[in-house]
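Summary of the model geometry
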Amino acid sequence: MNEAVAMDRVLDLRGLLNDLVADGRISQEDANILSGQTRTREQTAMHPLTFIATQSLEDRAHPGTILDALTLTEWMAEKATLPVVHIDPLKVNTAAVTEAMSYAFAKRHSILCLEVTPDEVVIACMQPFVTGWESQIEHVTQRQVRRVFADPADVTRYSVEFYSLARSISGAKGMQGSGVVSNFEQLLELGGAKDPEANDQYIVNIVDWLLQYAFDQRASDIHIEPRREVGRVRFRIDGVLHQVTEFPSAVTTAVTSRLKVLGRMNVAEKRKPQDGRIKTKRQNGSEVELRLSTLPTAFGEKMVMRIFDPDVLLRSFQELGLVGDDYERWQSMVGRPTGIVLVTGPTGSGKTTTLYSSLKQLATDEVNVSTIEDPIEMVEPAFNQTQVQHNIDLDFAAGVRTLLRQDPDIIMVGEIRDLETAQMAVQAALTGHLVISTLHTNDAATGVTRLLDLGVPSYMIKSTVLGIMAQRLVRTLCPHCKQPAEVDKNAWQQLVKPWKVAAPTQVFQPQGCLECRNTGYLGREGIYEILKLSESVQELITDNCDLGQLRKLSMREGMRTLRLSGAQKVAQGTTTIEEVMRVAPPQDVSH
């Protein structure tokens, strides 16, 4: 083995620069400048490939492009005849890979285990020409080693993260977390717990990692789910759940307890569902709010944390996907001084974002914007926000009744669930206020029948409701890797059925790259169906309202259904036919 080590070649800066010059990737002048450049302590500690990537050198083999980390990683992998792996932490079993070798061994040999199967261990290496460690790994694990090459910066980063998490989980087994009770708006400093007990520090580390990891992965929800032997953690990213990691059962309980304390919930009460909230910061310093909900299950308390980014309030309607005619129709409704504007859709369809973005725009110094919510989704200084509290009989209806005595201009009601709340919303609109609220219906037109079902008289709907907007969220194609494709005429006809809408000449399909974690999608946008209650539409609103007639007339007056709105985004290359059909319900409308 000593002979093998002696033959190993360790990558250094000068050698890499010479190889790049020989391959025609950089000029000799650039190589000389970098070789003679004085490096900082931080730069000296970098892997030489990472340092070169930070210099933004032009790739002479591809003029106009630079030698970034991805390009250099692929170049080195090709020279070493190793497959390239882009580390996706969501797909790594942290417990298994950290057991394959110690952190000291991994650090000493600049390697990281990425996968353990019954037959082999997949090892990412930063020194592709160093192989002396292979026999030791094979001897210890009794498995074949399969070497791959990955971005050295990723190997360095994830080595620290994976082993830190593994140590915290190991130390936390059988221990309960604790923390200082915070008030409604107290800021949680991640990693900033003051003098925690030794036993608690492991749980603090796990919770900090979990939250920061969720922020990095653009998660909208964190699910902590207890099972018989282990607890499962999943993130919802762009509307789809992804398995993240598993904790031992005792650690899962301790993590949940710590989060309950931070969310100002009763830690001792494990039989009843509870709600709470935490305010914290990302690594870049921006504030984030999390809404916590627990639910007793067969194996313990399940916790879901919904992540609310306050920056969403500052997003333009362009970023939300509300543009063109739809934007003008929406603005014409919320710009009115009195009346009711409703947003409909299932949970997770973006209703809250639309309401907050609209209210943020309307909340000037000249108007009083008040809300009654269950619970308050995001705390916004521009609004006067009140939370429903059923234990003291403060429900939506009582909240609106009280708000009417608070001299409001605009009232936002979290949801109209019953007749009493609907009646108070109507009363507020009749007495000169703009009321914005939500309903749970499939489309805009059924919002009218929903109000009728609740018991609101048709004449009251006609005299107060300005319009109803239904919405859904579709995943948007990753702009970095989407590929043009031919239009599937059958799928297109199914999407726009029963309307005769010409198919676009070209659409795009998902491909998958590093930016989108090989899903082909990056982010989400709304598709909208906006029904304005014009005089002619109001005439159709009766106690026995004909939904089909209502939809047809609304479409003649400019309304696009959810599927037609989605079809427009397909034609623009924003999303795919399959994605729109997944989220938008079909409608039986004929001309």
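Residues numbered from 1 in each chain as written. Predicted model: local features only at pLDDT ≥ 70, side-chain atom pairs only at ≥ 80, totals over all residues. Heavy atoms only, no water.

1. A word on the overall build of the protein
Selection criterion: Starting at the N terminus, helices and strands are each numbered in turn, a helix being any DSSP run of H or I of at least four residues and a strand any DSSP run of E of at least two. For every accessible area listed, the method is Shrake-Rupley and the probe measures 1.4 Å; residues are considered covered only by the protein chains on display. Neither His nor the chain ends contribute to the count of charged residues, in which Lys and Arg are positive and Asp and Glu negative. For charged residues, the charge sits on one atom: NZ in Lys, CZ in Arg, CG in Asp, CD in Glu.
The helix and strand inventory of the protein stands at 24 helices and 19 strands. In terms of overall dimensions, the protein has C-alpha extents of about 90 × 60 × 45 Å along its principal axes. Carbon and sulfur atoms form 47% of the exposed surface of the protein, whose accessible area is close to 27,700 Å². With 62 positive and 74 negative side-chain charges, the protein shows a separation of 3 Å between the mean positions of the two kinds.

2. Looking at the pairing of strand β12 (residues 369-373)
Stated precisely, the cut-off is as follows: Buried means the residue's accessible area, taken with a 1.4 Å probe over protein chains only, is under 20% of the maximum for its type, while exposed means over 50%, and partly exposed covers the values in between. The criterion for strand pairing is that DSSP finds at least two bridges linking the strands in question.
For β12, the tally of buried residues reaches five of five residues, placing the bulk of the element in the interior. Side chains Val369, Thr371 and Glu373 of β12 all project onto a buried face; the interleaved residues Ser370 and Ile372 project onto the opposite face, where all are buried too. Bridging between β12 and strand β14 (residues 410-413) involves four bridges; their strand directions are parallel. Bridge pairing in β14 links Ser370 to Ile411.

3. Things to note about the state of the cysteines
What counts, and what does not: Whenever a pair of cysteine sulfur atoms sits within 2.5 Å, that pair is classed as a disulfide.
Going through the model one piece at a time under the given rule, you end up with zero disulfides. Here Cys478 is not cross-linked by a disulfide; its sulfur's nearest cysteine counterpart is in Cys513, at 3.7 Å.

4. Structural notes on the packing of helix α20 (residues 489-496) against helix α23 (residues 562-571)
Stated formally: A fitted line through C-alpha atoms represents every axis, and for helices the fit uses only the stretch in contact; the resulting angles, taken between N-to-C directions, go from 0 to 180 degrees. In what follows, a contact means two residues having at least one pair of non-hydrogen atoms within 4.5 Å. Following the grouping adopted for this structure description, the nonpolar residues are Ala, Val, Leu, Ile, Met, Phe, Trp, Tyr, Cys and Pro, the charged ones are Asp, Glu, Lys and Arg, and the polar ones are all others, Gly among them.
In the contact formed by α20 and α23, the axes pass within 8 Å of each other and the chain directions differ by 145 degrees. Packed against α20, whose contacting residues are Trp492, Gln494, Leu495 and Val496, the element α23 presents Arg563, Leu564, Ala567 and Val570 at the interface. Partitioned by chemical class, the residues of the contact of α20 with α23 number six nonpolar, one polar and one charged.

5. Overview of the sheet that holds strand β2 (residues 120-125)
The strand order β1-β2-β3 describes an open sheet built from three strands, whose pairing is mixed. This sheet does not close on itself; its edge strands, each paired only once, are β1 (111-116) and β3 (144-149). Strand-to-strand twist in this sheet, taken as the mean axis angle between neighbours without regard to direction, amounts to 30 degrees. Here β1 pairs with β2 via five bridges, running antiparallel. When the bridges of β2 are listed, Leu112 appears paired with Ala124. Where helix α9 (residues 134-141) meets the sheet, its contacts fall on β2 and β3, and the angle it forms with β3 comes to roughly 135 degrees.

6. Description of the sheet that holds strand β11 (residues 339-344)
The seven strands are arranged β13-β12-β14-β15-β11-β16-β19 in an open sheet whose pairing can be described as mixed. The open sheet terminates on both sides in strands that have one partner only, identified here as β13 (384-387) and β19 (521-532). For this sheet the average axis-to-axis angle between neighbouring strands, irrespective of direction, equals 20 degrees. In this sheet, β13 lies alongside β12 in parallel orientation, the contact comprising four bridges. Counted as the bridge partner of Thr371 is Gln385 from β13. On the sheet, helix α15 (residues 351-362) packs against β11, β12, β13, β14, β15 (434-439), β16 (465-477) and β19 and is oriented at approximately 170 degrees with respect to β15. Each of β11, β14 and β15 is contacted by helix α17 (residues 419-430), which is oriented at about 135 degrees to β11, the strand it contacts most.

7. Topic: the environment of Ile372
Turning to its location among the elements, Ile372 is positioned in strand β12. Using a relative accessible area of 0% as the deciding quantity, one classes Ile372 as buried. With 46 residues separating them in the primary sequence, Ile372 and Asp418 have C-alpha atoms 15 Å apart.

8. Examining unusual backbone geometry
Here the amide bond leading from Lys497 into Pro498 is cis, since omega sits at 10 degrees, within 30 degrees of zero. Among the structural elements, Pro498 can be located in the loop between α20 and β18 (507-509). If you check the backbone angles, Ser56 has positive phi at about 55 degrees while not being a glycine. Looking at the secondary structure, you find Ser56 in the loop between α5 (48-53) and α6 (69-79).

9. Focus: the environment of Ala571
With respect to the helices and strands, the residue Ala571 is situated in helix α23. According to the relative accessible area criterion, Ala571 is partly exposed, its value standing at 40%. It is 49 Å that separates the C-alpha atoms of Ala571 and Ala254, two residues lying 317 residues apart in sequence. Sequence-distant contacts of Ala571, defined by excluding residues within four places in its chain, comprise Pro504 and Gln506.

10. Side note on the environment of Thr245
Relative to the helices and strands, Thr245 resides in strand β7 (residues 240-248). In this structure Thr245 comes out as buried when scored by relative accessible area, which is 8%. Filtering out sequence-adjacent residues up to four positions away, Thr245 remains in contact with Thr94, Trp209, Gly231, Arg232 and Val233.

11. Examining helix α16 (residues 396-403)
Counting buried residues in α16 gives six out of eight residues, a clear majority hidden from the surface. Taken residue by residue, α16 has Phe396, Ala397, Ala398, Gly399, Val400 and Leu403 as its buried positions. Contact partners of the buried residues in α16: β12, β14 and α17.

12. Regarding α17
Under the convention used in this document: In this analysis, the expected span of each helix is defined as 1.5 Å times one less than the number of residues it contains. Identification of polar contacts relies on pairs of N or O atoms within 3.5 Å, with a donor-acceptor requirement for protein atoms, meaning one able to donate a hydrogen and the other able to accept it, and with residues adjacent in sequence counted only if both atoms are side-chain atoms.
Here α17 is twelve residues long and its end C-alpha atoms lie 16 Å apart, about the 16 Å a rise of 1.5 Å per residue gives. Among the residues of α17, Thr421, Ala422, Met424, Ala425, Val426, Ala428 and Ala429 are the ones counted as buried. Where the residues of α17 are buried, they touch β11, α16, β14, β15, α18 (445-454) and α19 (458-464). Between the side-chain oxygen of the N-cap and the backbone nitrogen of Glu420 there are 3.4 Å, and the N-cap of α17 in question is Asp418. Just downstream of α17 lies Gly432, where phi reads positive at about 95 degrees.

13. Thoughts on the pattern of salt bridges
Keep this limit in mind: A pairing counts as a salt bridge when a side-chain nitrogen of Lys or Arg comes within 4 Å of a carboxyl oxygen of Asp or Glu.
Going through the model one piece at a time under the given rule, you end up with 26 salt bridges. We note a salt bridge from Arg9 to Asp19, for which the minimum N-O separation is 2.9 Å. In this pair, Arg9 is assigned in the loop between α1 (2-7) and α2 (13-22) and Asp19 in helix α2, connecting sequence segments ten residues apart. For Asp19, a relative accessible area of 19% translates into the label buried.

14. Here's the deal with the nonpolar core
Applicable threshold: What we call a nonpolar core is a set of buried Ala, Val, Leu, Ile, Met, Phe, Trp, Tyr and Cys residues that are connected through their side-chain atoms within 4.5 Å.
Counting residues in hydrophobic clusters, the biggest one holds 56 residues, and the most contacted among them are Ile340, Val448, Leu451, Ile461, Trp492 and Leu495. The element contributing the most residues to this core is α17, with six residues. Once residues lying within four places of it in the same chain are set aside, the contact partners of Leu451 are Leu342, Leu439, Val456, Ile461 and Val465.

All we've got here are geometric facts, nothing functional implied.
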